[in-house]
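Geometric and topological summary
Chain by chain, the residues:
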Amino acid sequence: MAQVEKMFNGISKNYDFLNRLITFGMDKKWRNNVLELIKKTNPQNIIDVATGTGDMAILFSKTNAKSIVGVDISKGMLEVANKKIMKSNLQKRVTTELSNAENLSFKDNTFDVASVIYGIRNFENLSKGLSEIRRVLVKNGRLVILETSQPTNRFQQAFYLFYTRILMPCIANIFSEDKDAYQYLSKSAINFPSGSELKKIIQNAGFKSVSSYPQFFGASTIYYAKK
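Residues numbered from 1 in each chain as written. Predicted model: local features only at pLDDT ≥ 70, side-chain atom pairs only at ≥ 80, totals over all residues. Heavy atoms only, no water.

1. Focus: the layout of surface pockets
- Roughly 200 Å³ of volume is contained in the second largest pocket.
- As for the second largest pocket, its lining consists of Asp16, Arg20, Lys28, Arg31, Asn32, Asp55, Ile58, Leu59, Lys62 and Lys84.
- Broken down by secondary-structure element, the contributors of at least two residues to the lining of the second largest pocket are α2 (15-22), α3 (26-39) and α4 (55-59).
- Looking at side-chain class alone, the lining of the second largest pocket contains two nonpolar, one polar and seven charged residues. (1 Å grid on protein atoms, 1.4 Å probe; cavity = no way out; pocket = protein on both sides within 12 Å on 5 of 7 lines; lining within 4 Å. Points joined across faces, edges and corners; volume = space filled by probe spheres on them. Helix = DSSP H or I, 4+ residues; strand = E, 2+ residues; numbered from the N terminus. Nonpolar A, V, L, I, M, F, W, Y, C, P; charged D, E, K, R; others polar.)

2. Examining the pattern of salt bridges
- In total, this model carries six salt bridges according to the counting rule given.
- Connected via shared salt-bridge partners are Asp108, Glu132 and Arg135. (Salt bridge = Lys/Arg side-chain N within 4 Å of Asp/Glu carboxyl O.)

3. Some words on the packing of aromatic side chains
- Applying the stated criterion to the full structure yields two aromatic pairs.
- Between Phe106 and Phe111 the ring centres are 5.1 Å apart and the planes differ by 80 degrees, which places this aromatic pair in the edge-to-face class.
- Its relative accessible area of 16% is what places Phe106 among the buried residues.
- Take Phe111: its relative accessible area is 3%, and that puts it in the buried class. (Phe/Tyr/Trp six-rings, centres within 6.5 Å; stacked < 30°, edge-to-face > 60°. Buried < 20%, exposed > 50% of the residue type's maximum accessible area, 1.4 Å probe, protein only.)

4. A closer look at the sheet that holds strand β2 (residues 67-72)
- Here we have seven strands laid out as an open sheet, ordered β3-β2-β1-β4-β5-β7-β6, and mixed in their pairing. Looking along the sheet, the strands with just one partner apiece sit at the ends: β3 (94-98) and β6 (208-215). Ignoring strand direction, the axes of neighbouring strands in this sheet form an average angle of 15 degrees.
- One ladder, built from five bridges, connects strand β1 (residues 45-49) with β2; its direction is parallel. Across the sheet, residue Asp48 finds its bridge partner in β2, namely Gly70. (Pairing = 2+ DSSP bridges. Axes fitted to C-alpha atoms, helices over the stretch in contact; angles between N-to-C directions.)

5. Topic: the pairing of β6
- Summarising the sheet, β6 and strand β7 (residues 220-226) pair through six bridges and their orientation is antiparallel. Pairing of Gln215 across the sheet is with Ser220, part of β7.
- Joining the antiparallel neighbours β6 and β7 is a turn of four residues, in which Phe216 adopts a positive phi near 50 degrees.

So, in structure tokens, the structure goes:
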């Protein structure tokens with residue numbers, strides 16, 4: 001976990017730019033799709049786990065939530081997030097905390113919604129992290145995850161693997177000084193469970209009514225569940 005923290009500290013300044021570049025800007029649309037799912041539930045308290053540079057936490061300010069907390073293990077990422085929060089004048093509603101997803105500091109039954117946006121594949125212990133998130137959710141609270149996934153169509157999958165294994169690291173190498181970081185992100189995207197496999201893991205962590213919504217032919221997927 002210390003290595004992951006160091007890696008994200010190192011790429012924090014270029015992280016947003018490279019995300020836009022690597023996903024051709026589509027990650028912004030996918031986050032908006034997450035927002036639309038959550039707005040319907042009218043949450044009052046939201047936690048964005050592995051918040052990174054805070055994009056999703058800031059986007060949740062478009063709900064009626066009174067409190068939105070973004071937590072992350074990377075101090076560098078949170079520094080970027082805090083600058084964006086201040087620039088948006090959202091300090092009263094959106095806050096951040098340096099915290100490990102598998103050992104959250106909050107009391108049981110605190111949040112109406114928990115989100116994990118492109119961060120769950122970096123959990124050291126996935127089951128423990130999901131159980132910890134479930135602990136801090138209220139009864140019938142919502143979990144929403146946006147994560148990379150592999151298309152089921154074999155031709156689309158072949159292109160996805162080519163892009164993720166070869167093109168994505170090449171693009172990152174041009175714009176990032178930390179080549180190892182994006183090699184890691186590429187490998188983790190390919191190896192991390194997705195689709196029905198991840199849905200089963202979420203269910204085994206105690207969540208119910210687990211749904212999945214593939215984005216762009218399954219290059220990413222939104223998972224939605226209740227406590």
